[in-house]
Amino acid sequence: MNIKSFKLVAAACALILGASAFFIVIPTAHAEGPYKKPVLYYGLSETPVWNSNPLMIRQNVDDIYGTETKGIIGIQRALIKTVISAEVSAVRNQYIQSEYNSTDFYAKSKIERTLQRFSLGLIGSYDHNTTRSSEITTFGQNVGVGRRDAFTLQPSMAYMISPRAALGITGKWMETRYEFPTLTDYGIMSLMPTFRYNLTPLQTVTIAIQGQRYIVLENTSQYIDSFGPYLTWDYNFSPTWTLSLSLGGLRSKSYGSGADEKWSQNLIYGSTLRYNGLRSVTELSISRARQPYANGTESYLTSFDAKEIYTVNPNLDFTLKGSYQTANQPAQSTNNLETAWNGGASLDYQIGPNWNINASYKYRQEKLTNHDDEAKQQIVRMGLTYQFGK
């Protein structure tokens with residue numbers, strides 16, 4: 001780990017621990033009934049892995065075999081006015097092909113504080129991992145296990161104007177930096193004021209204004225500004241069904257070398273239909289939003305997602321997922337993501353109060369612009385987890 005990475009890790013840990021101390025002092029863990037989560041939890045897992053195409057390249061593909069060993073520690077606490085959670089984990093990736101070995105670190109925290117009319121929130125996260133395991137796409141490049149550092153901070157505040165109406169504002173600061181020389185470091189700054197109104201106990205309307213700047217950190221004169229209105233309607237139309245519909249428009253303009261510096265207008269939208277039954281949870285969604293990439297571009301990504309979780313019995317869950325993504329192509333770049341298919345299934349079996357077995361299969365197929373052949377990947381995992389503190 002280099003000096004920059006060490007400083008980022010230290011800053012992330014300081015942020016999480018400092019924010020936690022500011023909002024609440026965690027009391028000593030104690031039993032709160034048989035179904036309460038522990039205040040302090042920690043665990044270990046060991047997962048054999050087979051990956052048919054770890055670098056998602058189109059030619060000269062090699063598969064890998066190995067294990068992922070994960071250690072995790074976290075806290076979670078809900079009081080009358082304060083909710084807090086924080087988690088730190090480390091993952092050791094050990095493969096027969098030693099060039100893929102790495103040790104990754106993750107930290108995340110979430111804090112919510114409710115006052116008489118105000119509510120405050122703070123979400124923070126830090127990832128120190130590899131580009132191979134973290135990006136939506138690396139555009140067919142052989143990036144090996146080059147390091148990736150990602151830092152996110154998202155504060156929010158809301159004020160209740162009346163029992164049915166609230167004003168809020170959410171900010172976001174994110175930086176992603178890469179060790180691999182052909183990938184581009186970037187940052188995102190955004191601000192979103194909102195107005196939320198409860199039409200009925202089961203219907204809520206939210207009006208927001210999105211403002212965002214995507215900036216290339218290696219050349220701060222190269223950036224993209226986007227802003228526009230966004231409307232969301234949430235409706236619980238039965239005890240088991242919920243529907244969320246969103247529609248908005250974003251004006252975007254690119255600045256810097258090769259940019260045409262002209263405003264463009266585009267639709268953004270989202271729709272989620274969710275069924276929450278006694279033994280199954282089904283979710284169907286579609287969305288179109290701005291998506292940053294590791295090659296120094298940002299464009300619109302449309303995603304179609306489906307998910308089904310079925311509870312076979314109190315100890316066994318079966319999950320089935322699928323998605324299709326299609327990306328708009330920035331005019332000033334080539335070799336971008338065109339389409340991607342994802343699918344997978346998993347079984348989660350609780351074999352004891354502390355022991356858990358998980359088996360999963362994942363498939364991904366990715367097509368890039370200006371290429372006829374596609375990259376395909378299969379990942380099989382079979383893991384055993386032991387969680388202390390229960």
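Above: the structure in question.
Counting restarts for each chain, with residues numbered from 1 along the sequence as it is written. Local features in this predicted model are restricted to residues whose pLDDT is 70 or higher, and side-chain atom pairs enter the listing and the counts only when it is 80 or higher, whereas totals over whole chains, interfaces and linings include all residues. To obtain the side-chain values, all non-hydrogen atoms of the structure were used and water was disregarded.

Looking at the overall build of the chain
- Counting its secondary structure elements, the chain contains one helix and 18 strands.
- Every one of the 390 residues in the chain was classed for burial, and the buried ones make up 38%.
- Working rule for contacts: check all heavy atoms of both residues, and any pair within 4.5 Å makes them a contact. Across the chain, every contact between residues at least 6 apart in sequence was considered, and the portion connecting residues at least 24 apart equals 52%.
- The protein chains shown are the only cover counted for residues, whose accessible areas, like all others here, come from Shrake-Rupley with a 1.4 Å probe. Accessible surface, the chain as shown: approximately 21200 Å² in total, 59% of it carbon and sulfur. A run of H or I in DSSP becomes a helix once it reaches four residues, and a run of E becomes a strand once it reaches two; helices and strands are each numbered from the N terminus. Burial classification: accessible surface area is computed with a 1.4 Å probe over protein chains only, and a residue below 20% of its type maximum counts as buried, one above 50% as exposed, and the rest as partly exposed.

Digging into the environment of Q222
- One can find Q222 in the loop between strand 9 (203-216) and strand 10 (223-235).
- Taking C-alpha positions, Q222 is 9.4 Å from G258, a pair spaced 36 residues apart along the chain.
- Not counting residues up to four positions away in its chain, the partners in contact with Q222 are Y214, I215, V216, Y255, G256 and G296.

A word on the environment of E366
- Considering the arrangement of structural elements, one finds E366 in strand 17 (residues 355-368).
- For E366, a relative accessible area of 3% gives the class buried.
- Considered as a pair, E366 and Q377 are 11 residues apart in the sequence and their alpha carbons are 8.7 Å apart.
- For the purposes of these results, a polar contact is taken to be a pair of N or O atoms within 3.5 Å, where, inside protein, one atom must be able to donate a hydrogen and its partner to accept one; residues adjacent in sequence count only when each atom of the pair is a side-chain atom. A polar atom in the side chain of E366 sits 3.1 Å from the side chain of R364.

Some words on the packing of aromatic side chains
- What counts as a ring pair is set by centres within 6.5 Å for rings of Phe, Tyr and Trp (its six-membered ring), and what kind of pair is set by the plane angle: stacked under 30 degrees, edge-to-face over 60, tilted for all other angles. Following the criterion strictly, the structure yields 12 aromatic pairs and no others.
- Ring geometry for F227 against W263: centres 5.7 Å apart, planes inclined by 85 degrees, an arrangement best described as edge-to-face. Placement of the pair is F227 in strand 10 and W263 in the loop between strand 11 (241-255) and strand 12 (264-276), with a sequence separation of 36 residues.
- Judged by its relative accessible area of 40%, F227 is partly exposed.
- By relative accessible area, W263 is classed as partly exposed at 36%.
- Through a chain of ring-to-ring contacts, three or more aromatic side chains come together here, namely W233, Y235, F237, W241 and Y275.
- For the cation-ring pair, R213 lies above Y223, with the distance from its terminal atom to the ring centre recorded as 4.0 Å.
- Note on criteria: charge over ring means Lys NZ or Arg CZ within 6 Å of the ring centre, with the direction from the centre no more than 35 degrees off the ring normal. For the cation-ring pair, R290 lies above Y300, with the distance from its terminal atom to the ring centre recorded as 4.6 Å.

Digging into the side chain of E68
- Here E68 lies in strand 2 (residues 64-78).
- Owing to a relative accessible area of 17%, E68 belongs among the buried residues under this scheme.
- At 3.0 Å, the side chain of E68 forms a polar contact with the side chain of R381.
- Leave out the neighbours within four places in its chain, and E68 touches S45, E46, T47, V49, V91, R92, N93, Y95 and R381.

Details of the nonpolar core
- Remark: nonpolar core denotes a set of buried residues (Ala, Val, Leu, Ile, Met, Phe, Trp, Tyr, Cys) joined through side-chain atoms within 4.5 Å. In terms of nonpolar packing, the biggest core is built from 10 residues, these being V143, M174, Y178, L183, Y186, I188, Y214, V216, I224 and A294.
- Looking at this core, the elements with two or more residues in it are strand 7 (165-178), strand 8 (186-200) and strand 9.
- Ignoring sequence-local partners within four residues, the contact set of M174 consists of F151, T152, Y186, G187 and I188.
- If you look at the next biggest cluster of nonpolar residues, it comprises seven residues, including L301, A327, L337 and L368.

Here's the deal with the pairing of strand 6 (residues 147-160)
- Whether two strands pair comes down to DSSP finding at least two bridges between them. Looking at chain direction, strand 5 (residues 118-130) and strand 6 are connected through 13 bridges and run antiparallel. Directly across from S125, in strand 6, lies its bridge partner T152.
- Judged from the 11 bridges that link them, strand 6 and strand 7 form a sheet pairing that is antiparallel. Opposite F151, over in strand 7, you have E175 as the bridge partner.
- The antiparallel pairing of strand 6 with strand 7 creates a hairpin that spans four residues between the two strands.

Concerning the pattern of salt bridges
- Within this document, salt bridges are pairs made up of a side-chain nitrogen of Lys or Arg and a carboxyl oxygen of Asp or Glu, the two lying within 4 Å of each other. The full count for this structure, using the stated rule, is 12 salt bridges.
- Across the pair R381 and E68 runs a salt bridge, and its minimum N-O distance is 3.0 Å. Here the residue R381 occupies a position in strand 18 (residues 375-388), and E68 occupies one in strand 2, the gap between them amounting to 313 residues.
- By relative accessible area, which is 28% here, R381 ends up partly exposed.
- Salt-bridge contacts for R274 lead to E283; the nearest nitrogen and oxygen are separated by 2.8 Å.

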